[in-house]
Amino acid sequence: MTDSRNKTGSSSGFNRRDFLRGSGAAAAAAAVQTQAAQAMQDSGPAIVRGSQKIALNINGSQHDVTVEPRTTLLDVLRHQLDLTGAKPVSADGSSGASTVLIDGKPATASTILALTAVGKKIQTIESLGGDNPDPVIQAFVKHDAQQCGFCTPGFVIAVRAFLNKNPNATEAQIREGLNGNICRCGTYANIVQAAVAVVKGA
Amino acid sequence: MTEYNWPKRDASTVIGKELDRVDGLVKATGAAKYTYDINLKNQLYAVALGCPHGHCKIKSLDISAASSVPGVVHVHVFDHAQPDREIEWEGELLVVVAAESEGAAREGLSKVKLEVEKLDVFTSAEDLQAAEKAGRTSKGGGKVETVNEPGDDDDEEEFVEKEIERLLKESKYVVEGYYGIDAITHCCLEPHGSTVEWKDGTLEAHLSTQNVSGTDEQFARDLKVTADNVTVHCDYIGGGFGSKFAPDYWGIAAAQISRETGRPVKFMLSRDQELKIAGNRPSGYIKVRLGADEKGVVQVWDSVSWGSAGAQGGAVSHSVLPYVLVPKNYRRVATTIKCNTAPSRAWRAPNHPQACAMSQTALDDLAGKMGADSYDVFLANLVNATNEKADVYREQMQIAAKLMDWKAKWHAHGKGGARGSIVDGLGMALHTWGGGANESSCLLKVYPDGGVTSFCGTQDLGSGTRTVCSQVLAETFGLGINDVRVNIGSSRYPNSGASGGSTTIGAVCESHRRAAQDALVKIFDLAAAELKVAADTLEAVGGKIRDRNNPAKNLTWQKACSLLGLKPLETTASYVRGTPSPLSNSGVAGVQMAHVEVDRETGVIRMKKFVAVQDQGLVINPKTCKSQIYGAVIMGIAAALFEERITDPATGVFVNAELADYRLARLGDIGEIVVELYEPESERIRGVIGNGEPPAISPKAAISNAVANALGIRVPVIPLTPKRVLDALAKA
Amino acid sequence: MKAFEYAAPATEKEVLQLLSPEPSRTEILAGGTDLVGLLKKLVVTPDRVVNIMEVESLKSIQVLPGGGVSVGTAVTLDVIAEHSCLDVYPAVRQAIHGINSMQLQCQGTLGGELLQRPRCWYFRQGRGLLSTEVETGANRLHAILGNSGPAKFVSCSRIAPALMALGAEVRVIGPGPNDEKRLPLADLFQTPQNNEERENTLLPNQLVTHIILPPVAGRTCATYEVRHGEGPEFPLAAAAAALRMDHRGVVETARVVMGQVAPIPWLSSEAEQVLLGRVVDERVAEQAGEAAVSRATPLSENTYKVQLAKVAVKRAILLAAGLDCGDFRSHARQIEELV
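Residues numbered from 1 in each chain as written. Chains lettered and ligands numbered in written order. Predicted model: local features only at pLDDT ≥ 70, side-chain atom pairs only at ≥ 80, totals over all residues. Heavy atoms only, no water.

Participant: Would you take a moment to explain the packing of helix α9 (residues 352–370) of chain B against helix α18 (residues 699–711) of chain B for this structure?
Facilitator: Between two packed helices, both the angle of their axes relative to each other and the distance between the axes serve to describe the pair. All names here are of chain B. Packing of α9 against α18 brings their axes to within 8 Å, and their N-to-C directions diverge by 30°. Considering their axes alone, α9 and α18 lie roughly parallel with respect to each other. Where α9 crosses over α18, the handedness of that crossing is right-handed. Every residue of α18 that contacts α9 at Pro353, Cys356, Ala357, Gln360, Thr361 and Asp364 is listed here: Lys700, Ala701, Ser704, Asn705 and Ala708. Tallied by class, residues from the contact of α9 with α18 come to five nonpolar, four polar and two charged. (Axes fitted to C-alpha atoms, helices over the stretch in contact; angles between N-to-C directions. Helix = DSSP H or I, 4+ residues; strand = E, 2+ residues; numbered from the N terminus. Parallel < 35°, antiparallel > 145°, perpendicular 65-115°, else oblique. Left-handed = near helix turned anticlockwise from the far one by under 90°. Contact = heavy atoms within 4.5 Å. Nonpolar A, V, L, I, M, F, W, Y, C, P; charged D, E, K, R; others polar.)

As structure tokens, this is what we get:
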């Protein structure tokens, strides 16, 4: 029987319920800290509750912000620092609209708790603008790789990250490598042109 | 009176040029502020609870625990959420919690206690029999036309029945088919919402809207103030597609909460709410019998169609069936189904995409039945074109076929041969749309120092409205587009119509060109006096006002403007919708062709190539114009292959209302897309016509036809998911 | 999100100290690509979130003496995909590439990928992991195998089938500070029978620290996913195969594991039986595919998945055997070669 190898819960030798039975009903009402953890409080890892002041390294400078454990990096960028280029489009990052670079790698700020970003280099779309905009931005403008523009900053960051890693990417590789972002207006054809142009230095 | 006109093609220096959009940089750098990006000092964050069931009666609603969550400032209960009220779709907002942070607001929301009595739910719009059984259907109208008329003594219905049967019997070819297209959502990436603030009894509303000039009055009406107390701002909007014409009841709630608390309120729908309640396109399903002569020209059409536009009834209108190509004899009957889904909203070319997918598929099946080239069958049926565009279609088909290399790629339906499990196919479709100019007013100021600035209460959906307005002003004054400043996106500016139905480009071209030409007449008068020439010999070119016959006689633009004296010159021009004008027009055609590959083993479809040939009268900016068409095609690919609103049959819950589950096309899914602007002089002289809707119509039918050509069978209902392809193959 | 406590321990032992023995009170955070979305939607409402990304020991890739590789569960997927020691395990690399989102690959971790919560939309709308609504509901993406109990969701890990086909093991620590064991990856997954059980066998205060891949030992392997579009959305069906063939191509050992078809990664001994002692060709692979789904029990809306699972198995076996699988990609490759 295949089923004996494809385990069901009850047949598992590694069962959560056995443990629960042992832990007793009182545990249900207990505080989250285990006794062991409480004992560790002084010497062990810090447990953060409520609002905290932290410093985040964003676009090359330190920013003091106030966060709760549940505050996402996207919330901090948008609500405390007015860096609104990264957009909230999907709760789970599946649109890529909140993409930023963390230590040089693309990640969705909407699925990153701000506390986890302490000590990392965060780069937002705003860092690619300025007087001499990044070639990706210039190519997006030239090839009209935007319509409503709401997804565009996330896409620009994604293209930047992709080309950093694949500076000589072919068009086929570009079409395969930029599927973590969603555009609703349908600018993909122009984005392909823009990315190809950046590779060619056009 | 100024004679309004466009410069000739070879005399244009700005119009017709592929210029970068003027707000391209501000958008691509993330600097553009959308409604969602507006943060006002001391603002509250509002989030809402949606109804968890597709059809129910509110029994009780207890907000006390929510109110006492730390950080919660205000809890707002909608009138329609009071006990005993019936809710007819899942997601309908019931309660709004406003708090110091979004986290606190969400936590507050989780403490709202709601009890409902569940009522019967119906969501299967495709299942006509079930809908009838559930008492959810009503008549959706219909129409009959026959060449032969009933005699005086004939019972009309009986006569029609006999006549249709006779015509079908006498037809050389008869196709009987079933086709359909499911509901899809607008899924704007910026959800519906607003950030609002009351200041001294007046409302400043940042609203994500396609209707800047119209929503101030809507706010005022619902908030019981006069419209002069409301200003709506929308500099940038993250997608609308026909779903953002009103503040909606949630926008009104934001304003009420702000008035109540004395603080600014930001209230944007969550992603799932955006999908569930903020806009969807009605579904349409059809059973067709058509009869054609030996040449494949359809002589008789007989259809029964149905579908649902949600809980408030309605469906795809029968009036556009069959689509564009209508034989002399037809009978079409429509039924609407009331489903427990949110009411539909206008979606790019209301009714047309569905009608196209519900009827040009049948036409393609006729080609399949005849063993003929679909191209030839479409060509033969142009005699049935109802919009007097047969010649345009014929030319556009030729261009599209060349770009697609149709003749070389063509094989008869199902006869292409497979490589492994992969088969390929070609399909086409054609469409029509109005796209006439909406109403629009423009206030234009020309300053004595040469500065030019315009004000117009329109908005830029992403089609490039700012850029187009800039081009029109710059062309008129002989300037560059960076020499003029265009202001849009505020209801304080002169009224301009909502951006819907491809009416914006006509509207803003009318108002801006008129205002600019009016101003130029006055500047010419002053310049003529200065240059001592007749005003009607002057032209504005290359930053100069000069004598057409003696270009050496000229003034710089700045010098000419300095003749205005101390005060700026102001002109206001208005265009009234429907007024015949040499500047704008309505009525376009458009032909599209798709080349797809299908994996017969998995039912997965891949786009190889897509060709879109589109007319839109005079093209102001070919670059943004093409972008609009690319976008329409890509949206069409998404709807043809991916987008599904999936509801739980028992609860009416829209189960895939997140972007991870509501599939859209991704960059790797689109294949090669070729866009051709069709702009011969005969089209150009008609003036500008909107092209937002037309290219969004044909993709679904064209792709369905290509899949039918590849497989040799029809996958009846769009989207053509692997499940549907495999189910259809299993049935065949 | 509900308010919660947060900790970022630096050692494995500290992680264990911070985890509650009670279910659902603590959640482990790695890349966040799954958990943060669930927190936002209040599908999970822990009192504490423990971030394991500061634990150095979880971030290493080590070639083991005598062959084999140990990969820490906090290593991100892009790092794994690019690591040379994965060269001999193409099935793993193919599975990571299939995710097709740079963001998910750079942010997501191996542990998070393996232990992400099921991609059941009833579960993700807060209607429970074992919602009874699924049986007569919108179940087109649900299980076709192992679905006779209350669990109808599918295990959605995209890497687990490859790792299981290769015979990977996991190192699990806890609940006690010195508790540690190694067990087959397959034993990490279970089909919950009631609401007290999750889709994995871990206690709430246990942690998976490493995945241990045994030496490849002459095996070849491949992953094949039937994907609806090029996005990172989950495949409709998937399979991984690992084969050892003698010099004549006769299969000596075979392991075939299906993904997205059952509440756990589904090991198919039926497919294995078909393959043993035979030379892989299109017909044999097809037979193995058929055998793999021979006992499928589709739900009301997902009969089509039986075909997709069959094709996934067939194509994974063909690829593992170094043969062409006849899909879009191989077709495109052929055209490229012609040109």
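Participant: What should I look at first to understand α18 of chain B in this one?
Facilitator: Given 3.6 residues per helical turn, the α-helix brings residues three or four places apart onto the same face. All names here are of chain B. Helix length check: α18, at 13 residues, gives a terminal C-alpha distance of 18 Å against a target of 18 Å (1.5 Å per residue), a fit within 8%. Within α18, 13 of the 13 residues are buried, leaving the element largely enclosed by the surrounding structure. Gly712, located one to two residues past α18, shows a positive phi value of around 80°. (Expected span 1.5 Å × (residues − 1). Buried < 20%, exposed > 50% of the residue type's maximum accessible area, 1.4 Å probe, protein only.)

Participant: Sorry, what's going on with the sheet that holds strand β6 (residues 113–118) of chain B here?
Facilitator: Strand pairing in a sheet relies on backbone hydrogen bonds, with the paired strands running either antiparallel or parallel. Residues and elements named next belong to chain B. The antiparallel open sheet is built from three strands, whose spatial order is β4-β2-β6. Sheet topology places β4 (86–87) and β6 at the edges, where each strand pairs with a single neighbour. Sheet topology note: the strand β2 (residues 56–62)/β6 ladder contains six bridges and is antiparallel. Considered in β6, the bridge of Lys57 is made with Glu117. (Pairing = 2+ DSSP bridges.)

Participant: How do you make sense of the environment of Asp615 of chain B when you look at a structure like this?
Facilitator: Residues and elements named next belong to chain B. By the element assignment, Asp615 lies in strand β27 (residues 605–615). Separated by 222 residues in the primary sequence, Asp615 and Tyr393 have C-alpha atoms spaced 9.9 Å apart. Within the structure, the side chain of Asp615 is placed 2.8 Å from the side chain of Gln396, a separation counted as a polar contact. (Polar contact = N/O pair within 3.5 Å; in protein donor to acceptor, adjacent residues only side chain to side chain.)

Participant: Got a minute to help me understand the packing of aromatic side chains in this structure?
Facilitator: In this description, a pair of aromatic rings is defined by centroid distance and the angle of the planes. All names here are of chain B. In total, this model carries 12 aromatic pairs over all chains according to the counting rule given. On the basis of an interplanar angle of 35° and a centroid distance of 4.9 Å, the ring pair of Phe477 and Trp557 is categorised as tilted. With a gap of 80 residues between them, Phe477 in helix α13 (residues 465–477) and Trp557 in helix α15 (residues 557–562) connect regions that are remote in the sequence. The exposure classification of Phe477 matches that of Trp557, with both residues buried. (Phe/Tyr/Trp six-rings, centres within 6.5 Å; stacked < 30°, edge-to-face > 60°.)

Participant: Please clarify how the interface of chain C and chain B should be interpreted in this entry.
Facilitator: Often, the extent of an interface is quoted as the loss of accessible area upon association of its parts. The interface is formed by 38 residues belonging to chain C together with 46 residues belonging to chain B. Roughly 3,500 Å² of surface becomes buried between chain C and chain B when both sides are summed, with 56% attributable to carbon and sulfur atoms. At the boundary of chain C with chain B, the tally comes to eight salt bridges. For the salt bridge of Arg315 of chain C with Glu601 of chain B, the shortest nitrogen-to-oxygen distance reads 2.9 Å. Linking chain C to chain B there are 19 residue pairs in polar contact (both at pLDDT 80 or more). For the side of chain C that touches chain B, the secondary structure elements donating two or more residues are α7 (121–124), α11 (304–320) and α12 (328–338) of chain C. For the side of chain C that touches chain B, the element with the highest residue contribution is α11 of chain C, accounting for six residues. (Buried area = accessible area lost by both parts, 1.4 Å probe. Salt bridge = Lys/Arg side-chain N within 4 Å of Asp/Glu carboxyl O.)

Participant: Would you mind showing me how to read the interface of chain C and chain A here?
Facilitator: Contact residues are listed per partner, giving 73 residues for chain C and 57 residues for chain A. Both faces considered, chain C and chain A share a buried interface measuring about 5,400 Å² in area, 56% of it formed by carbon and sulfur atoms. Counting the surface chain C buries against chain A, the share from its top three residues, Tyr6, Met102 and Gln103 of chain C, is 13%. Inspection of the chain C/chain A interface yields four salt bridges. As a salt-bridge pair, Lys165 of chain A and Glu82 of chain C come within 2.3 Å of each other at their nearest N and O atoms. Linking chain C with chain A are 12 residue pairs in polar contact (both at pLDDT 80 or more). Among the elements that take part in the side of chain C that touches chain A, helix α5 (residues 102–107) of chain C stands out by supplying four residues, more than any other. Considered class by class, the residues forming the side of chain C that touches chain A number 28 nonpolar, 23 polar and 22 charged. Here strand β1 (residues 47–48) of chain A runs beside strand β1 (residues 5–7) of chain C; their pairing, made up of two bridges, is antiparallel.

Participant: Sorry, what's going on with the domain arrangement of chain A here?
Facilitator: Residue and element names in this part refer to chain A. Examined at the domain level, chain A breaks down into domain 1 (52–127) and domain 2 (129–200). If you look at the interface, domain 1 gives 17 residues, while domain 2 gives 11 residues. Where domain 1 abuts domain 2, roughly 1,100 Å² becomes buried across the two surfaces, and 68% of that area is made up of carbon and sulfur atoms. Summed over the shared surface of domain 1 and domain 2, the result is zero salt bridges. Summed over the shared surface of domain 1 and domain 2, the number is three residue pairs in polar contact (both at pLDDT 80 or more). When its residues are assigned to classes, the side of domain 1 that touches domain 2 shows seven nonpolar, eight polar and two charged. (Domains from an automatic or database assignment.)

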